[in-house]
Amino acid sequence: MKKIGYGIVGFFASILLIIIIAFVFAGSIITPSFLVKQIESSLNVRAHVEKVNINLFNVLSGIEIEGIVLGPRDEVANKGVPLEERKSKPKGTIQLGKVDVKISFLALLTKTVKVNKLVLKQPDIALTMYEDGGNNLTSLFKTPKIVNGEKNPALSPEAIAEKKAEQEQEAKEKANEPPSGPFSIKDIPIAIQMSLVGIQEGNIQVNMRKTGQQILVQKLDLELKDIDIDGSDLASHNSLKVNFDTDVTIIGKNKKEAAKFLLETGGKVTPFVEKTGLVNPKVIYEVTMKEDSFLSGFAAFDAIAGELPALNQAGLKLDKLKEKAELKKDVSFQVEYSNGKVTFLDEPTFPTKNYDLQITKGSYIVTTTNYHEMRMGMLYDEAESKKSLASVDEKIKQATKGQGDPKELRNKIVGNLVKDERLFIPFRTYGDIRNPNVELGVGIGTLTDLIGGAVKEVIKGKAGDALKKIPGAGNALKGLGF
C-alpha cells in the first residue's frame, strides 16, 4: 500500500512539475513583443503592450498584462516592426491600464470553470458614433490586409474560397439536422464559478456625430461577483451579484454640461430561467441616483416651460424648469432591464431646488433607440408656484376688468394644477428622448379659451360653450357679478 501511495504522490508531483516548467517556459515566450505580434496578425490595429507579469509563485493561477494600447493600423504595424524597435506608442483608441487574470487549474479536473479574477483595470475608450449608426471601433476588429509587410494569407483567394466552402458545407450539415432550439445553459456540462469579473476605474468617451453631443462615462466600476452557475442544478446554482457605479455626463452641442448622473446600482441576479435554462429575459436592479446629480436643458422641460401654448396663454410662468436642477439627496428605486428597455418598477421622487420630479410606475426608456414613454409629475417650487399662480390671477383680473376676486375663478379652473400649495403639472413625454412629444396630463385648454379671449364674451353675458366645458365656472362668474 505504501508503494501505491508513493506512486500516486509521485504521479501528481510529476504533473505539477510539468505544469510549473510549462509556465516558466511560457514566461519566456509570452512577452510584450509576442503579444503585439499576435494581436496585429489578427486585428486591424497597431498595438502596444508595456509589460507581462508571470510570477513563479503564481504560475498556476494567473497572468497580468500592463499597458495595452490599441490604435488605428499604420505602416509600423503593416510591416511587423518588432516592438523593441518602435520609436513611439500608437495613439490609443482603446487603452487598458492592466488586465489581471487568475484561474483555478485544479477546478478543471472536476469539470468546473473557476475564474478567481478577470479584471480590466483603467480601460480608456474613445468611441465615435457616426450618422449612419456605425462607429470608429468596427474597423479595428476587421482582418488586417497586410501582415509582416506582405498580403495577409488569410485574405488570399485560396483562403477565402476554402473558408466559403467550409461555410457552405456547414450550412448543408445544419440544413439536414433537426432545428436547434435557443441556447440553454442546461446543454453545457461544465459548472461555472467566478469570484470577480469586471471593469475598474474605466473611462469611456462617446462622441455623437449626428447630435453633436458628447457622453462621458467616468469612474466606471462594473463588477460581477460570486458567479455560481450549474446547468444541471439551477435550483441551487443560478446566481450572481452585480455592482455598477459610474458618473455619466452629457455635454450638449453648445459644449455645456446638460446633465450629470452619479449612479450606483447593484443586486443579486438570477441569470437563467430555472425550468428551461434559457437566459433570463428580465433582470431587476436596485439603482441609487446620488446627491449632486443634475439635469439642465432637458427637451421635455423646455417644452413645458415655454413652448406649450396652453401654458403660455394661461399665464403660467415656469422658467425655473430651464435652469440647472441639482438633486438635493440620494434617491433609490428599482428598474427592470430587458432587451435594452429600462422600466421603472416604482414611483421615485427626485427633489431639486426648483422642483420635485415624480416618475410614474411603468414609465420606460429603450436605450438602444432612445425611444421612451414617461408619465411624470412636476411639483414646482413653492415660492415660484405662488408667482406663477399670481400671474394667472393677473390675467383673469385684466380680462374681468378688476371686478371681483380672481382667485375664486382661478381655483375653479386650475384647482387640479395645485397640490400641497404648489403648482403641480402632470405630463407625458414620448418618442425620441432628444426631441420628445409632450402632452399635459390636465385639460387647461378651456382656461386658455376663457382668459385668452372668450372671457370678453363672458363679460358681455355671452358665456357660450367655453363655460359649459368648465364645471362650476359659470357659478363662479355669477358670484363675481357677471
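See the structure shown above.
Just so it is clear, the model here is predicted, and its values are computed rather than measured.

Engineer: How do you make sense of the nonpolar core when you look at a structure like this?
Structural biologist: Soluble globular proteins: nonpolar side chains tend toward being buried together. Leu-321, Phe-333, Phe-350, Tyr-355, Leu-357, Met-378 and Phe-427 are the most contacted members of the largest nonpolar core, which has 29 residues in total. Among the elements that take part in this core, strand S20 (residues 371-380) stands out by supplying 4 residues, more than any other. Apart from the residues within four sequence positions on either side, Phe-427 is in contact with Phe-301, Ile-304, Leu-357, Met-374, Arg-375, Met-376, Met-378, Val-438, Glu-439, Leu-440 and Gly-441. Grouped together as the second largest cluster of nonpolar side chains are 17 residues, Leu-35, Leu-83, Leu-96 and Leu-137 included.

Engineer: How should the pairing of strand S15 (residues 331-338) be read in this particular structure?
Structural biologist: Side-chain positions along a regular strand alternate between the two faces of the sheet. For strand S12 (residues 283-289) and S15, the ladder comprises 7 bridges, and the chain directions are antiparallel. Bridging across to S15, Met-289 finds its partner in Val-331. Linking S15 back to strand S16 (residues 341-344) in an antiparallel pair, the connection comprises 2 residues, with Asn-339 at a positive phi of about 50°.

Engineer: Got a minute to help me understand the side chain of Thr-352 in this structure?
Structural biologist: Considering the arrangement of structural elements, one finds Thr-352 in the loop between strand S17 (349-351) and strand S18 (355-359). Among the polar contacts listed, one links the side chain of Thr-352 to the backbone oxygen of Tyr-355, at a separation of 2.5 Å. Contact partners of Thr-352, with chain neighbours within four places excluded, come to Ala-325, Glu-326, Leu-327 and Lys-328.

Engineer: What is the right way to look at the pattern of salt bridges in this model?
Structural biologist: A side chain with one charge can pair with a side chain of the opposite charge if their charged atoms come near. Using the criterion set out here, one finds 15 salt bridges in the structure. Its salt-bridge partner being Glu-50, residue Lys-89 comes within 3.2 Å of it at the nearest N-O pair. Of the two residues, Lys-89 is situated in the loop between helix H3 (75-79) and strand S4 (94-103) and Glu-50 in the loop between strand S1 (45-48) and strand S2 (51-53); the sequence distance between them amounts to 39 residues. The partner of Lys-241 in a salt bridge is Asp-226, and the shortest N-O contact between them spans 3.7 Å.

Each value, and the rule that gives it
- Residues numbered from 1 in each chain as written.
- Predicted model: local features only at pLDDT ≥ 70, side-chain atom pairs only at ≥ 80, totals over all residues.
- Heavy atoms only, no water.
- Core = buried A, V, L, I, M, F, W, Y, C linked by side-chain atoms within 4.5 Å.
- Buried < 20%, exposed > 50% of the residue type's maximum accessible area, 1.4 Å probe, protein only.
- Helix = DSSP H or I, 4+ residues; strand = E, 2+ residues; numbered from the N terminus.
- Contact = heavy atoms within 4.5 Å.
- Pairing = 2+ DSSP bridges.
- Polar contact = N/O pair within 3.5 Å; in protein donor to acceptor, adjacent residues only side chain to side chain.
- Salt bridge = Lys/Arg side-chain N within 4 Å of Asp/Glu carboxyl O.

Read these as spatial facts, not as claims about activity.
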